[in-house]
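As a plain string of letters, each chain reads:
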Amino acid sequence: MKRILVTGGCGFIGSNFIRHELATYPELSIINLDKLTYAGNPENLADLANDPALAARYEFARGDICDREFLTGLLQPGGIDAVVHFAAESHVDRSILDSGPFVQTNIVGTQVLLDCCRQAGISRYVQVSTDEVYGSLGDDGKFTEETPLAPNSPYSASKTAADLLVRAYFHTFGFPAVTTRCSNNYGPYQFPEKLIPLFISNASQDQPLPVYGTGLNVRDWIHVLDHCRGIDAALRRGTPGEVYNFGGDCELTNLDLTYSLLEALGKPKTLIKYVADRPGHDHRYAIDATKAKRELDWEPQVTFREGLKQTVEWYQANTDWIARIKSGEYLSYYERQYGARL
Ligand code: NAD
Ligand code: TDX
């Protein structure tokens with residue numbers, strides 16, 4: 001594999017994945033296609049410029065996965081070996097306020113991308129999906145790849161629709177797609193609308209931490225680099241048509257997680273503020289990753305204790321990164337680096 005296209009590489013997981021791939025495979029070059037929505041921040045990969053050997057193998061293309069003409073131009077037959085598809089609207093709360101962009105990017109965008117990949121004869125495609133497509137668990141059991149799909153939010157419904165399109169393209173056209181479904185990621189460069197960076201940022205400034213409902217909803221946390229290693233394993237060793245679950249074997253209630261964050265930051269529990277619950281809030285996610293362990297020789301390497309410590313330290317060392325997001329200044333980073341926005 002010499003040249004891959006990554007979509008959504010200026011977001012949280014995509015930027016970590018690109019950095020990981022370039023560092024791991026010295027022969028690999030990457031094109032990053034990103035629309036730069038509010039969640040896309042090219043600054044997440046600015047450090048590549050400090051290493052000419054990495055920078056020479058990285059290219060950024062601003063564009064929308066819904067734009068068929070643009071994608072056709074980018075995906076010239078023979079030019080790209082594989083596509084890893086991260087680009088999505090990813091925040092559940094935003095999907096509750098307005099599901100339109102979720103349907104457009106996550107469903108229509110995936111359909112257009114699949115068509116263009118087929119047309120270009122792409123030999124491997126990874127659909128980066130989520131455990132949320134399985135819906136919500138009670139207090140027992142875990143999601144396996146056989147668990148029926150039962151999404152509950154507009155976000156997860158749109159991700160499920162995309163997964164079903166991928167499944168259909170495999171069955172109908174023999175399109176060489178692999179689908180991954182991962183639990184909640186944490187780590188550097190996560191947009192501060194998601195629980196962990198939001199709470200670190202708020203607590204650092206002695207601002208309240210808005211815990212939804214009782215705080216007893218459970219999430220299964222995985223370090224973003226373990227997820228990236230899983231996607232890489234699926235890309236290189238996955239069987240077309242298969243789905244692989246990834247999880248961190250680390251179930252925590254939101255309240256326990258909040259206590260851990262407050263302890264790591266040396267801040268008091270009095271910062272916790274119980275607020276109205278998220279409508280349709282899924283009670284519990286937990287992943288059974290046996291298949292990925294068995295078939296991809298993958299397993300999580302970062303313990304939650306160590307991962308959370310490193311993550312808190314990263315956000316404390318990068319307060320400017322958060323400040324530029326909160327002030328909106330990050331939106332002009334692209335203009336400063338590359339000239340006018342498209
Ligand atoms: P993110 O919101 O941080 O990044 C999404 C990126 O996609 C941004 O850079 C954005 O500009 C880009 N994008 C959005 N719409 C686009 C479009 N129409 N065309 C081109 N680019 C577009 O998301 P993330 O947390 O990094 O998640 C990446 C993927 O992983 C998503 O598909 C998400 O569903 C999936 N996932 C996330 C998690 C998690 O915990 N964050 C867990 C499992 C799966
Ligand atoms: O302010 C908050 N208060 C709060 O109690 C926020 C932002 C969240 N929460 C709760 C809701 C969830 O139970 O914390 C939990 C985690 O919330 P998010 O960080 O918004 O993640 P979640 O909704 O679980 O979805 C995430 O994991 C799966 C990602 O955003 C998805 O893209 C991914 O597919």
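Predicted model only: the values in this text are computed from it and were never measured.

Reading guide: rules and limits
- Residues numbered from 1 in each chain as written.
- Chains lettered and ligands numbered in written order.
- Predicted model: local features only at pLDDT ≥ 70, side-chain atom pairs only at ≥ 80, totals over all residues.
- Heavy atoms only, no water.
- Near = heavy atom within 4 Å.
- Polar contact = N/O pair within 3.5 Å; in protein donor to acceptor, adjacent residues only side chain to side chain.
- Areas by Shrake-Rupley, 256 points an atom, 1.4 Å probe, with all protein chains shown as cover.
- Nonpolar A, V, L, I, M, F, W, Y, C, P; charged D, E, K, R; others polar.
- Pairing = 2+ DSSP bridges.
- Helix = DSSP H or I, 4+ residues; strand = E, 2+ residues; numbered from the N terminus.
- Axes fitted to C-alpha atoms, helices over the stretch in contact; angles between N-to-C directions.
- Contact = heavy atoms within 4.5 Å.

Chemist: Help me understand the site of ligand 2 in this model?
Modeler: Around ligand 2 there are 20 residues in total, and E132, Y155, P210, R278 and H281 lie nearest to it. Between Y155 and ligand 2, the recorded distance is 2.6 Å, taken from a side-chain N or O atom to an oxygen atom. One nitrogen or oxygen atom from the side chain of N254 is found 2.9 Å from an oxygen atom belonging to ligand 2. Within the complex, 94% of the 650 Å² of free accessible area of ligand 2 lies under protein. In terms of residue class, the shell around ligand 2 is built from nine nonpolar, six polar and five charged.

Chemist: Would you mind showing me how to read the sheet that holds strand β11 (residues 251–253) here?
Modeler: What holds strands together in a sheet is hydrogen bonding between their backbones, with the strands either parallel or antiparallel. Spatially, β7-β9-β11 is the arrangement adopted by the three strands of the open sheet, whose pairing is mixed. Both outer strands of the open sheet, β7 (184–186) and β11, are each paired with one neighbouring strand and no more. Taking the axes of each pair of neighbouring strands and ignoring which way they run, one obtains an average angle of 50° across the sheet. Note: β7 against strand β9 (residues 218–223), three bridges, orientation parallel. Bridge pairing in β9 places Y186 opposite H223. The strands touched by helix α8 (residues 224–237) are β7 and β9; relative to β9, the strand with the most contacts, the crossing angle is about 75°. Set on the sheet, helix α9 (residues 254–265) makes contact with β9 and β11; between it and β11 the angle comes to about 90°.

Chemist: Explain the site of ligand 1 here, please?
Modeler: What surrounds ligand 1 is a group of 28 residues, the closest being I13, D34, S90, Y155 and K159. The separation between an oxygen atom of ligand 1 and a polar main-chain atom of G11 is 3.0 Å. One of the backbone N or O atoms of L36 is found 3.5 Å from an oxygen atom in ligand 1. Here ligand 1 has 840 Å² of accessible area as a free molecule, and 96% of this is covered by the chains. Counting only elements with at least two residues in the shell around ligand 1, the list comes to α1 (12–24), β5 (124–130), α6 (154–173) and β7. Looking at which element gives the most residues to the shell around ligand 1, the answer is β5, with three residues.

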